[in-house]
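Coordinate analysis (summary)
Each chain, written out:
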Amino acid sequence: MRVTSLGYRTDVALRVAEGAEVTDRGDCLVIRSPDNPAFWWGNFLLLRAWPRDGDGWLDRFAAEFPQAAHVAIGVDVAAAEGPVPAEFADLDAECSTVLTCTDIHAPGHVSTAAEIRPLESDRDWQQSVELNRRCYGEQTPSDFQQRRVATRRRLTQAGQAAWFGAFDGSRLVAQLGVGDAGGGLARYQDVETDPAARRRGLAGTLVWHAGRFAAEKLGASTLVIVADPAEGAIRVYRNCGFADAQRQFGFARDAT
């Protein structure tokens, strides 16, 4: 199965770089991250076509992930091709915007007060976990986030990605990642800003710095980022030169 969605194509590429297993079932891909089974979008089905009533995808997911405490199903299409099947009624539907950029530029408001640099030390990476907790609170289990940060660190040490932080003194107040997704593509990951440090231009400044790194160090010609169209962050990306390219569809829920 050849993935055509830029969002999922780059998602899968980064999951593979992190150590995920991908199995092609013909009508779907099974993406499995054995090191972090609680990572929803590291353990999911990616369907070739829009789901229809009677396809039985929830049973298929349960068969592939019998121990999972979640359901996560992506669809490799650029537009909805019919109604949502009845069996997906209890899942949260996600329709995200995939944005691309071939010429990154500085945002209108560049932060000059914060120090922008890659995360390197043990303390840096521990602060990455702490920042995520400040952004999302108890929504993110501690063990899950510790595993995600360990994976990100391995990827950066292998030269396949970088994780950038904005530091107010010694305190990490914003972060994001960018990774090599192959074929001249680089994919941004998890843009996060401390709620107490917003509206300072930190996210846009990080996006700009990471984009320049991706072009110069990863050889990327096209930058890819996926965003919720209802969230204000999408304006930050557009202000740095990103433009809407596709839509991305997914269905997920906690199964506990």
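Structure: see above.
What this report covers is the structure whose coordinates are included nearby. (Residues numbered from 1 in each chain as written. Predicted model: local features only at pLDDT ≥ 70, side-chain atom pairs only at ≥ 80, totals over all residues. Heavy atoms only, no water.)

Things to note about the packing of aromatic side chains
- Enumeration according to the criterion identifies nine aromatic pairs in this entry.
- Plain terms: the ring middles of W50 and F249 are 5.5 Å apart, the flat faces sit at 90 degrees to each other, and that makes the pair edge-to-face. You can see W50 sitting in the loop between strand 3 (44–47) and helix 2 (57–64) and its partner F249 sitting in strand 11 (residues 243–254), a full 199 residues away along the chain. The exposure classification of W50 matches that of F249, with both residues buried.
- Among the aromatic residues, ring-to-ring pairing joins W50, F88, F249 and F251 into one connected group.
- Its guanidinium or amino end placed over the ring of F65, R32 lies 4.7 Å from that ring's centre, counting from NZ or CZ. (Phe/Tyr/Trp six-rings, centres within 6.5 Å; stacked < 30°, edge-to-face > 60°. Helix = DSSP H or I, 4+ residues; strand = E, 2+ residues; numbered from the N terminus. Buried < 20%, exposed > 50% of the residue type's maximum accessible area, 1.4 Å probe, protein only. Lys NZ or Arg CZ within 6 Å of the ring centre and 35° of its normal.)

Notes on the environment of C240
- Following the sequence through the fold, C240 ends up in the loop between helix 6 (233–239) and strand 11.
- Taking the C-alpha atoms as reference, C240 lies 6.6 Å from W208; in sequence the two are 32 residues apart.

Some details on the pattern of salt bridges
- Going through the model one piece at a time under the given rule, you end up with 18 salt bridges.
- A salt bridge links E64 to R25; the nearest nitrogen and oxygen atoms lie 2.8 Å apart. A residue pair is termed long-range when its members are at least 10 positions apart, and E64 in helix 2 and R25 in the loop between strand 1 (21–24) and strand 2 (28–32) qualify at 39 residues.
- Here E64 falls in the buried class, since its relative accessible area comes to 15%.
- The network of salt bridges with shared partners includes D11, R15, E18, R148 and R187. (Salt bridge = Lys/Arg side-chain N within 4 Å of Asp/Glu carboxyl O.)

Concerning the sheet that holds strand 2
- As summarised here, the arrangement of the eleven strands in space is 1-2-3-4-11-5-10-9-8-7-6, forming an open sheet in which the pairing is mixed. Edge positions in the sheet fall to strand 1 and strand 6 (115–118), since each of these pairs with one other strand and no more. When strand polarity is set aside, the average angle formed by the axes of neighbouring strands in this sheet is 25 degrees.
- Note that strand 3 and strand 4 (residues 70–75) share three bridges and pair parallel. Bridging across to strand 4, L47 finds its partner in V75.
- Here helix 2 sits on the sheet and contacts strand 2, strand 3 and strand 4; the angle it forms with strand 4, its principal contact strand, is near 120 degrees. (Pairing = 2+ DSSP bridges. Axes fitted to C-alpha atoms, helices over the stretch in contact; angles between N-to-C directions. Contact = heavy atoms within 4.5 Å.)

Examining helix 1 (residues 6–18)
- In this model helix 1 runs 18 Å from its N-terminal to its C-terminal C-alpha over 13 residues, within 8% of the 18 Å that 1.5 Å per residue would give.
- Every buried residue of helix 1 is listed here: L6, G7, Y8, T10, D11, V12, L14, R15 and E18.
- Of the residues one or two after helix 1, G19 is the one with positive phi, at around 115 degrees. (Expected span 1.5 Å × (residues − 1).)

Examining helix 5 (residues 202–217)
- Over its 16 residues, helix 5 runs 22 Å from end to end, which matches the ideal 22 Å to within 8%, given 1.5 Å per residue.
- Contacts from the buried residues of helix 5 go to strand 6, strand 7 (161–168), strand 8 (171–182), strand 9 (185–193), strand 10 (222–227) and helix 6.
- Immediately downstream of helix 5, the backbone of G219 shows phi near 70 degrees, a positive value.

Spatial relationships are all this shows, so hold off on functional conclusions.
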